[in-house]
Structures are given as C-alpha cells and as structure tokens.
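# Coordinates in review
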Amino acid sequence: EARLSSDGGPSWLEWTVGGYYEKRNDHIDSQTVSANPATGDVYMPLRYFSYRYVETEVRQVAGFGEVSITPVEGLTLTGGARYYDYDKRTSGESYLTNIYTGSLAAPYTSVTAKAHGWIEKFNVSYKFSPRMMMYATASKGFRPGGANNIPVLPANLIAYKADSLWNYEVGVKSSWLDNALVINAAVFNVDWSDMQTQARTADGLYAFLTNAGKARIRGGEIDITARPLRGLTLNAAVGYSDAKLTEDQANSSVLITASTGKKGDRIPG
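Summary of the structure given here.

Scoring rules and cut-offs
Residues numbered from 1 in each chain as written. Predicted model: local features only at pLDDT ≥ 70, side-chain atom pairs only at ≥ 80, totals over all residues. Heavy atoms only, no water. Core = buried A, V, L, I, M, F, W, Y, C linked by side-chain atoms within 4.5 Å. Buried < 20%, exposed > 50% of the residue type's maximum accessible area, 1.4 Å probe, protein only. Contact = heavy atoms within 4.5 Å. Helix = DSSP H or I, 4+ residues; strand = E, 2+ residues; numbered from the N terminus. Pairing = 2+ DSSP bridges. Phe/Tyr/Trp six-rings, centres within 6.5 Å; stacked < 30°, edge-to-face > 60°. Salt bridge = Lys/Arg side-chain N within 4 Å of Asp/Glu carboxyl O. Patch = residues over 30% accessible without salt bridge, like charges linked within 9 Å, V, L, I, M, F, W, Y side chains within 5 Å. Areas by Shrake-Rupley, 256 points an atom, 1.4 Å probe, with all protein chains shown as cover.

## Quick look at the nonpolar core
- With seven residues, the main nonpolar core is built from Ile-150, Leu-153, Leu-157, Ala-199, Tyr-206, Phe-208 and Val-254.
- Not counting the four nearest positions on each side in its chain, Phe-208 is found in contact with Asn-148, Ile-150, Leu-153, Leu-157, Thr-197, Gln-198, Ala-199, Arg-200, Thr-201 and Val-254.
- Listed in part, the five residues of the second largest apolar core include Ala-62, Tyr-84, Ile-119 and Ala-162.

## A word on unusual backbone geometry
- Put simply, Met-44 and Pro-45 share a cis peptide bond, and its omega is 0°.
- Considering the arrangement of structural elements, one finds Pro-45 in the loop between strand S2 (13-33) and strand S3 (48-72).
- Phi angles above zero are rare outside glycine, and Asn-179 is one such case at about 70°.
- The residue Asn-179 is located in the loop between strand S9 (163-176) and strand S10 (181-193) in this model.
- The class of Asn-179 is partly exposed, set by a relative accessible area of 37%.

## Things to note about the pairing of strand S11 (residues 196-200)
- Pairing analysis gives five bridges linking S11 to strand S12 (residues 207-211), with the strands arranged antiparallel. For Gln-196, the partnering residue across the bridge sits in S12 and is Asn-211.
- Where S11 folds back onto S12 in an antiparallel hairpin, the turn is made up of six residues, including Gly-204, whose phi is positive at roughly 80°.

## Regarding the pairing of S3
- The pairing of S2 with S3 spans 21 bridges and is antiparallel. Counted as the bridge partner of Thr-32 is Ser-50 from S3.
- Alignment of S3 against strand S4 (residues 75-94), held across 19 bridges, turns out to be antiparallel. Each bridged residue has a counterpart across the sheet, and for Val-54 the counterpart in S4 is Gly-92.

## With respect to the packing of aromatic side chains
- Applying the stated criterion to the full structure yields nine aromatic pairs.
- A ring pair is formed by Tyr-53 and Tyr-95, whose centres lie 6.2 Å apart and whose planes are at 35°; its orientation type is tilted. Within this pair, whereas Tyr-53 is found in strand S3, its partner Tyr-95 is found in the loop between S4 and strand S5 (106-129), the two being separated by 42 residues in sequence.
- Among the residues examined, Tyr-95 registers a relative accessible area of 43% and is labelled partly exposed.
- Arranged with centres 3.8 Å apart and planes meeting at 15°, the rings of Tyr-84 and Phe-142 form a pair that is stacked.

## Observations concerning the pattern of salt bridges
- For the coordinates displayed, the defined rule picks out 12 salt bridges.
- The shortest N-O distance in the salt bridge between Asp-178 and Arg-131 comes to 3.5 Å. Residue Asp-178 is found in the loop between S9 and S10, and its partner Arg-131 is found in the loop between S5 and strand S6 (132-143); the two are separated by 47 residues along the sequence.
- Residue Arg-131 is classed as partly exposed on the basis of its relative accessible area, which comes to 36%.
- Between Arg-216 and Asp-242 there is a salt bridge, and its shortest N-O distance comes to 3.3 Å.

## Side note on a nonpolar patch on the surface
- Judged by side-chain polarity, Leu-4, Trp-12, Trp-15, Val-17, Val-67, Ile-69, Leu-77 and Val-124 come together as a nonpolar surface patch covering roughly 670 Å² of accessible area.
- Along the polypeptide, Ile-69 turns up in strand S3.
- Using a relative accessible area of 32% as the deciding quantity, one classes Ile-69 as partly exposed.

## Considering the environment of Ser-193
- One can find Ser-193 in strand S10.
- For Ser-193 and Tyr-53, which are 140 residues apart along the polypeptide, the C-alpha to C-alpha distance reads 31 Å.
- Apart from the residues lying within four places of it in its own chain, the contact partners of Ser-193 are Asp-163, Ser-164, Gly-213 and Lys-214.

That is the geometry; function is a separate question.
Structure (structure tokens):
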C-alpha cells in the first residue's frame, strides 16, 4: 500500500490518495488415516481413507482517495471512495473414495470468482470547542466472495458473492476538567446484506459458504478515562448491540438449520 497526503496546503483543505495491492496463496490438506483400534496409534506408513487438498489464490488491487474541507470554523466535511478489483481462484482435487465417511474421489477442478466496485465514506464533524466534537458518519464495507471446492456440491452453489454493509454512526468526543476526564460515546446502525453464511451438504459431510440473508445491528458504546491523581489513570467502557436477521438465512438449496436462522432471530453465533 502507498499513500500520498497533503501537507502545508491551505488550512481548509486536506486530502489523501493511494493504491493497494494484495497477493495471497493458501494451501489446505484434508486427510483421514486409519489407526490401531487397540492403541489409537496411527499406522506408519500412513493408510489413507481419504485425501484431498484445496488451494486458494487471491489477487486484489485498489485505488482510494479522501478529501476533507472546512468551509467554516469548526465544521469539517469529509468524503472518500475506494475502487477495488479482485480475482479469487479456488482449486483442488480429491484422490480417494471413502465408503466409511461417504466422501468421493473427484478430479482436479478450478473456479475463479471476480468482482469490482466502489465503497464510499461520508463524515460531518463539528467542534463546539477545542474540547468537544460531535460527528456523524456513513461508510460502506465489503468482504470478497469466492468459490467452494466440494465434490458433491451443486453447480449453483460453487461460487458465492461478496457480502457488504453500511454503517451509520453518530457520536461525541469530549474532554473535561483540563483533560482530567475524557468521555466518548456513539450510537450506530449497521445494515448487512448478501451475508456469507456457512451451510452443510445434504449428507452432512462438507461445510460450504453461500450467500443468504440480511441483518441489522444496532447499538451504542461509551468509554470514560479519568485521571484523578498524577500517575493514576482509570478506564471504563461499556457497549450494547442488538443484532437480528431481517431476512431468512436460506435460499433454494440452503435449509434453516441450527447454524442458520429466520427473519427476526438473533444472528446465529
């Protein structure tokens, strides 16, 4: 990641621009081997009941920028945007059929998921004094999609999309008694869509990711720092969140289970 930020320009203007690059490779081995029924010791050399591997390669590039202006004293307006483009390739192979677990041998397969788009951020803040500021912000986030490498998975469930959310927040930051007391507080609302949900195949053997459901998370938090004596600092914080599904975590191939939920339920997990 590289950034370029303003320095020494007009006092009413600040800006940042930058670029980002990510390259990540993962390799996972999944093995089932037999063991001595009397001692539990694994036989050597290994006797495989099943063996499969999954590899994931991610490439992501992004460009971003943010501008803050102060049109009048105390008031700051901020806007930012980020453009992203990623490829996520998932590949793998299953070498053995295991009659005990029901896992199947499957040839090498490779699926690539791609996406690009924008995420945005907006913020308004106002300083009532050098020791008190209120703000309101709206910002978007996302998590890249991908593909499952499961031998028995239907074609329509192999790839899954990115999920995303919007966060809306209002808060205050304040300092009192010559910085002997600092109080910060905020309330927030998060709207989460196309949730990446873990489900299981009908035979119960494999877990996979798919998109199902929406959610809303509301809450608030407050933290207090007090310095009653020189050298002594006391901190306290409390937060509350109410996270509920606003849509069933299900689709045509994913049924409601203990790991998913229905509209109105608290978010599973």
